[in-house]
Amino acid sequence: TRTLPRAMLLDGPLPAAAELVFPERFMWGAATAAYQIEGNLTNTQWYAFEQSFVRPDGSSAIKHGDECGLADDSWRRFDVDLGCMQGLGLSAYRLSVEWSRVEPERGVFDEAALARYASWVADLRAASIEPVVTLHHFTEPLWLTADGGLHAPSAAADFARFVER
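Read on for a plain summary of the structure. Going along each chain's sequence as written, the residues are numbered from 1 onward. Since the coordinates come from a predicted model, pLDDT governs what is reported: local features require at least 70, and pairs of side-chain atoms require 80 or more to be given and counted, while whole-chain, interface and lining totals use all residues. Based on all heavy atoms of the structure, the side-chain values leave hydrogens and waters out of the count.

## Brief notes about a nonpolar patch on the surface
And then number 1: To count toward a patch, a residue needs a relative accessible area above 30% and no salt bridge. Like charges then connect within 9 Å, nonpolar side chains (Val, Leu, Ile, Met, Phe, Trp, Tyr) within 5 Å. Throughout, the Shrake-Rupley method with a 1.4 Å probe supplies accessible areas, and for residues the shown protein chains are the sole cover considered. A carboxyl oxygen of Asp or Glu within 4 Å of a side-chain nitrogen of Lys or Arg is what we treat as a salt bridge. A cluster of nonpolar side chains, Val133, Leu135 and Val163, forms an exposed patch at the surface whose accessible area comes to about 200 Å².
And then number 2: By secondary structure assignment, the location of Leu135 is in the loop between β5 (130-134) and α6 (142-146). Only DSSP runs of H or I covering at least 4 residues are called helices, and only runs of E covering at least 2 are called strands; the numbering of each starts at the N terminus.

Next up, the structure:
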């Protein structure tokens, strides 16, 4: 079992028990979303939103006009992220596979992107970190957005094609 002082987990006064006990198989992990950490994802509806949406007064819809841009640049620095996970003693990591990166055009797949995601999964497993993969985390390719997004008549078939790859 693994124990942590309650003071690390709770605000306010400590309860009578000074520590929490977690089962041996409890998975300590972290979760991310591709758009938030990979960087340079310019083929999604969220990127388009960042670039174009303004308030009626003309100000940016996003505080200070910030945008994801390179984010944490995890696409090029995953080895650093993996080292941080190992340093934290994580046993699980939830990552998302960015649909717009894998299928930048309807029916056209980026084999290098697929291979990179596969290598991340292999690297996580080699580090004894269980990969937990999310296949849709609120972003979609612009080609799907142009057809109506997830409401498009082809959306289910499009998503199935992506998932099967």
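## Things to note about the sheet that holds strand β4 (residues 92-96)
And then number 1: Pairs of strands are assigned from DSSP output, requiring at least two bridges between the strands. Strand order in this open sheet of three strands is β3-β4-β5, and the pairing throughout is parallel. One side of each edge strand has no neighbouring strand; the edge strands of this open sheet are β3 (29-31) and β5. Between one strand axis and the next, the sheet turns through 20° on average, direction left out of account.
And then number 2: Whether two residues touch is decided by their heavy atoms; if any such pair falls within 4.5 Å, the residues are in contact. Fitted lines through C-alpha atoms give the axes, limited to the stretch in contact for helices. The angle between two N-to-C directions lies from 0 to 180 degrees. Contacts from helix α5 (residues 111-126) reach β4 and β5, with the element oriented near 175° to β4.

## Describing the side chain of Gln45
And then number 1: Take Gln45: it is sitting in helix α2 (residues 45-52).
And then number 2: Identification of polar contacts relies on pairs of N or O atoms within 3.5 Å, with a donor-acceptor requirement for protein atoms, meaning one able to donate a hydrogen and the other able to accept it, and with residues adjacent in sequence counted only if both atoms are side-chain atoms. Looking at Gln45, its side chain comes within polar contact range of the main-chain oxygen of Phe138, at 2.8 Å.
And then number 3: Gln45 has contacts with Phe138, Thr139, Glu140, Leu142 and Thr145, leaving out every residue within four places of it along the chain.

## Considerations on the environment of Gly83
And then number 1: Along the chain, the position of Gly83 falls in helix α3 (residues 74-88).
And then number 2: For Gly83, a relative accessible area of 35% translates into the label partly exposed.
And then number 3: Separated by 44 residues in the primary sequence, Gly83 and Ala127 have C-alpha atoms spaced 9.3 Å apart. Three exposure classes are used, based on accessible area relative to the maximum for each residue type with a 1.4 Å probe and protein chains only: buried under 20%, partly exposed in between, and exposed over 50%.

## What about helix α7 (residues 155-164)?
And then number 1: Looking only at α7, the buried set comprises Ala155, Asp158 and Phe162. Looking straight down α7, one finds that the buried residues subtend no more than 65° of arc, so they occupy a single side. Relative to its buried face, α7 has exposed residues pointing more than 90 degrees away, namely Ala156, Ala157 and Glu164.
And then number 2: Turning to α7, the residues buried within the fold contact α4 (99-102) and α6. What the arc measures is the spread of directions leading from the helix axis to the C-beta atoms.

## Description of the pattern of salt bridges
And then number 1: Per the counting criterion, the structure on display carries seven salt bridges.
And then number 2: Of the charged contacts in the structure, one is a salt bridge between Arg76 and Asp73, with a shortest N-O distance of 3.0 Å.
And then number 3: The salt bridge involving Asp147 is made with Arg106; its shortest N-O contact spans 2.8 Å. Placement of the pair is Asp147 in the loop between α6 and α7 and Arg106 in the loop between α4 and α5, with a sequence separation of 41 residues.
And then number 4: Each of the salt bridges in this network shares a partner with another, and the network as a whole consists of Glu103, Arg106, Asp147, Asp158 and Arg161.

## What about the packing of α3 against α5?
And then number 1: Contact geometry of α3 with α5 gives a least axis separation of 11 Å together with a crossing angle of 5°. Here α5 runs roughly parallel to α3, going by the angle between their axes. Here Ser74, Trp75, Arg76, Phe78, Leu82 and Met85 of α3 lie close against α5, whose contacting residues are Ala113, Arg116, Tyr117, Trp120, Asp123 and Leu124.
And then number 2: Class assignment for the residues of the contact of α3 with α5 results in eight nonpolar, one polar and three charged. These descriptions rest on fixed angle ranges, namely under 35 degrees for roughly parallel, over 145 for roughly antiparallel, 65 to 115 for roughly perpendicular, and the rest for oblique. Each residue is assigned to one class: nonpolar for Ala, Val, Leu, Ile, Met, Phe, Trp, Tyr, Cys and Pro, charged for Asp, Glu, Lys and Arg, and polar for all the others, Gly among them.

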